[in-house]
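Listed here are the chains, written in short residue letters.
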Amino acid sequence: MLSMPSVSFSQNSASPLPQSCAQQATFEAAWLHPLAAQSGHEALIRRARASQPCPIRTAFQQDRDRILHSKAFRRLKYKTQVFISPNGDHYRTRLTHTLEVAQIARTMARALRLNEDLTEAIALGHDLGHPPFGHSGEHALSALCKEAGLPEGFSHTLHSVRIATVLEPLNLTAAVLSGMQGQGKGNTDEALPVPLESKVVELADRMAYLRHDVEDAQRAELMSEGDIPAEIRQTLGEDRQERLNTLVLDLIETSAGNLNNGQAKIAVSPERFEAMQALRGWMFERIYLSPRQQVKDAQVKHLLEGLWQYYQANPKALPEDSVAPVEQVQAVLDYMAGMTDRFALSTYQTLLLPRPYL
Ligand code: MG
């Protein structure tokens with residue numbers, strides 16, 4: 001039997017609102033796991049600029065809404081997950097991938113009594129910085145950056161943070177930014193440990209794509225369910241729903257054991273994690289690096305190189321607000337990384353292909 005902590009919601013609260021931000025902070029303090037991030041914790045909800053507190057939403061709920069209303073979030077609709085600008089309506093895009101990650105992450109966070117609102121905000125923001133054409137686009141842009149003297153190359157994770165802090169400043173809380181930046185990805189805020197909710201999102205991301213990329217690859221007739229090695233299916237499940245269920249339940253059980261022993265560790269059990277890695281490796285071989293995908297990679301590289309050279313030679317073609325005060329290389333990168341697949345394709349056509357003489 002779960003014992004419910006007693007939470008009192010005073011009827012005589014000073015706030016006339018049925019559910020106030022302060023009441024939610026009280027609820028979190030009583031209900032969440034002691035290792036969960038709390039929206040009343042000053043260091044976690046610190047923002048770069050002063051922000052009007054909301055009488056109803058916690059700081060993390062506000063952040064979730066800021067991300068959801070951002071332009072970068074809407075552009076995810078036309079960005080590739082794996083299959084480039086798919087004509088089929090049932091293929092994933094970055095947007096539907098993001099929503100699936102958020103759903104899986106929230107389920108796990110709620111079961112572990114972690115902060116579901118923080119988890120949701122991190123999940124919705126985790127791919128904001130994805131460039132057009134998925135990882136093909138990311139690799140191509142990264143190589144161009146290095147050639148142009150940006151030694152770090154391009155990482156969609158760090159670019160997500162750049163969008164949220166510089167390009168479309170959303171003034172998010174320190175905990176959400178730290179979570180978006182993730183574990184071991186150049187997190188520089190030593191004063192603020194990466195919240196556990198970030199690790200939940202990181203693993204939910206992997207679970208989501210291991211499920212939906214298999215489904216989309218089947219739709220594209222790149223593989224069938226029976227092609228997945230038998231050892232993987234024996235450990236994780238015979239079909240993609242079963243595999244997702246196995247992983248979600250495993251993460252909850254393994255992590256709950258850790259948390260109850262005072263260990264701040266979100267994880268899948270070693271046996272299942274190994275199978276998860278094996279499935280990922282198999283998918284790289286079979287889907288992400290397949291000969292068909294390599295042809296697409298080369299086409300994406302060609303297209304992005306063309307646009308890159310064009311904008312470096314013609315910076316006036318960039319939108320007016322994008323050059324000053326940043327360096328030109330960075331301005332071109334910011335503009336191109338923000339493009340959707342279809343915008344990049346049509347821009348290439350407009351700028352770099354001859355138009356028929358009428
Ligand atoms: Mg993702």
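All of the points below concern the structure found in this document. (Residues numbered from 1 in each chain as written. Predicted model: local features only at pLDDT ≥ 70, side-chain atom pairs only at ≥ 80, totals over all residues. Heavy atoms only, no water.)

1. Things to note about the overall build of the protein chain
Across its full length, the protein chain carries 15 helices and 0 strands. A compact globule built from 358 residues would reach a C-alpha radius of gyration of about 21 Å, and the protein chain, at 22 Å, matches this within 12%. Referenced to the eigenvectors of the C-alpha coordinate spread, the extents of the protein chain come out at roughly 75 × 55 × 35 Å. Within the span of the protein chain, comprising 358 residues, buried residues form 50% of the whole. Looking at the protein chain alone, contacts between residues at least 24 apart form 69% of all its contacts between residues at least 6 apart. For the protein chain, the accessible surface area stands at approximately 18,200 Å², while carbon and sulfur atoms represent 54% of it. (Helix = DSSP H or I, 4+ residues; strand = E, 2+ residues; numbered from the N terminus. Rg over C-alpha atoms; globule rule 2.2 N^0.38 Å. Buried < 20%, exposed > 50% of the residue type's maximum accessible area, 1.4 Å probe, protein only. Contact = heavy atoms within 4.5 Å. Areas by Shrake-Rupley, 256 points an atom, 1.4 Å probe, with all protein chains shown as cover.)

2. Overview of the packing of helix α4 (residues 94-111) against helix α5 (residues 116-125)
Remark: α4 packs on α5, axes separated minimally by 9 Å, with the N-to-C direction vectors making an angle of 160°. Between α4 and α5, the interaxial angle falls into the category roughly antiparallel. The handedness of the crossing between α4 and α5 comes out as right-handed. For the pair formed by α4 and α5, the contact residues are Thr98, Leu99, Val101, Ala102, Ala105, Arg106, Ala109 and Arg110 on the first element and Glu116, Thr119, Glu120, Ala123 and Leu124 on the second. Per-class residue counts for the contact of α4 with α5 are 7 nonpolar, 2 polar and 4 charged. (Axes fitted to C-alpha atoms, helices over the stretch in contact; angles between N-to-C directions. Parallel < 35°, antiparallel > 145°, perpendicular 65-115°, else oblique. Left-handed = near helix turned anticlockwise from the far one by under 90°. Nonpolar A, V, L, I, M, F, W, Y, C, P; charged D, E, K, R; others polar.)

3. Quick look at the side chain of His97
Following the sequence through the fold, His97 ends up in helix α4. Here the side chain of His97 touches His126 through a polar contact of 3.4 Å, side chain to side chain. Contacts of His97, omitting those with residues within four sequence positions, involve Gln81, Arg92, His126, Asp127, Asp205, Ala208, Tyr209 and His212. (Polar contact = N/O pair within 3.5 Å; in protein donor to acceptor, adjacent residues only side chain to side chain.)

4. A closer look at the coordination of the magnesium ion
Surrounding the magnesium ion are the protein donor atoms His97 (NE2), His126 (NE2), Asp127 (OD) and Asp205 (OD), which sit 2.2 to 2.5 Å from the metal. The sequence pattern formed by the donor residues of the magnesium ion is H-x28-H-D-x77-D. One end of the pair, His97, is in helix α4; the other, His126, is in the loop between α5 and α6 (134-147), with 29 residues separating them in the sequence. Here His97 and His126 have matching classes, each one buried. (Donors = N, O, S within 2.8 Å, 3.2 Å for Na, K, Ca; no water.)

5. Here's the deal with helix α14 (residues 328-338)
Counting buried positions along α14 yields 8 of 11 residues, so the element is predominantly enclosed. All of the buried residues along α14 are Gln330, Ala331, Val332, Leu333, Asp334, Met336, Ala337 and Gly338. On its buried side, α14 packs onto α3 (71-75), α6, α7 (156-167) and α13 (291-313).

6. Observations regarding the nonpolar core
In a soluble, globular protein the nonpolar side chains are often hidden away together inside. If you look at the biggest cluster of nonpolar residues, it comprises 72 residues, and the most contacted ones within it are Ile67, Met108, Leu114, Met207 and Ile287. The leading source of residues in this core is helix α9 (residues 196-219), at 11 residues. Ignoring any residue separated from it by four or fewer positions in sequence, one finds Ile67 in contact with Phe73, Ala121, Leu124, Gly125, Leu128, Leu170, Leu172, Val176 and Met180. Residues Leu141, Leu307, Tyr311 and Leu318 belong to the second largest nonpolar core, which totals 21 residues. (Core = buried A, V, L, I, M, F, W, Y, C linked by side-chain atoms within 4.5 Å.)

7. Quick word on the environment of Ala25
Assignment of secondary structure puts Ala25 in helix α1 (residues 21-31). Owing to a relative accessible area of 25%, Ala25 belongs among the partly exposed residues under this scheme. In the structure, Ala25 is positioned 33 residues away from Thr58 in sequence and 7.5 Å away in space, judged by C-alpha atoms.

8. Focus on the packing of aromatic side chains
Summed over all chains, the structure comprises 4 aromatic pairs. Arranged with centres 5.7 Å apart and planes meeting at 85°, the rings of Tyr310 and Tyr311 form a pair that is edge-to-face. Overall, Tyr310 belongs to the partly exposed group, its relative accessible area being 23%. Residue classification places Tyr311 among the buried positions, given a relative accessible area of 3%. (Phe/Tyr/Trp six-rings, centres within 6.5 Å; stacked < 30°, edge-to-face > 60°.)

9. Some words on the pattern of salt bridges
Under the definition given, this model contains 21 salt bridges. Two residues, Lys199 and Glu202, come together in a salt bridge whose shortest N-O distance is 3.3 Å. You can see Lys199 and its partner Glu202 sitting in helix α9, 3 residues apart, about one turn around the helix. Classification of Lys199 by relative accessible area gives partly exposed; the value is 23%. The shortest N-O distance in the salt bridge between Asp250 and Arg272 comes to 2.8 Å. Residue Asp250 is found in helix α11 (residues 240-260), and its partner Arg272 is found in helix α12 (residues 270-288); the two are separated by 22 residues along the sequence. (Salt bridge = Lys/Arg side-chain N within 4 Å of Asp/Glu carboxyl O.)

10. Focus: unusual backbone geometry
Here Phe133, not a glycine, exhibits a phi torsion of approximately 65°, which is positive. Position of Phe133 among the secondary structure elements: in the loop between α5 and α6. Owing to a relative accessible area of 3%, Phe133 belongs among the buried residues under this scheme. Look at Glu221: it is not a glycine, yet its phi comes out positive at around 60°. In this fold, Glu221 is placed in the loop between α9 and α10 (230-236).

Spatial relationships are all this shows, so hold off on functional conclusions.
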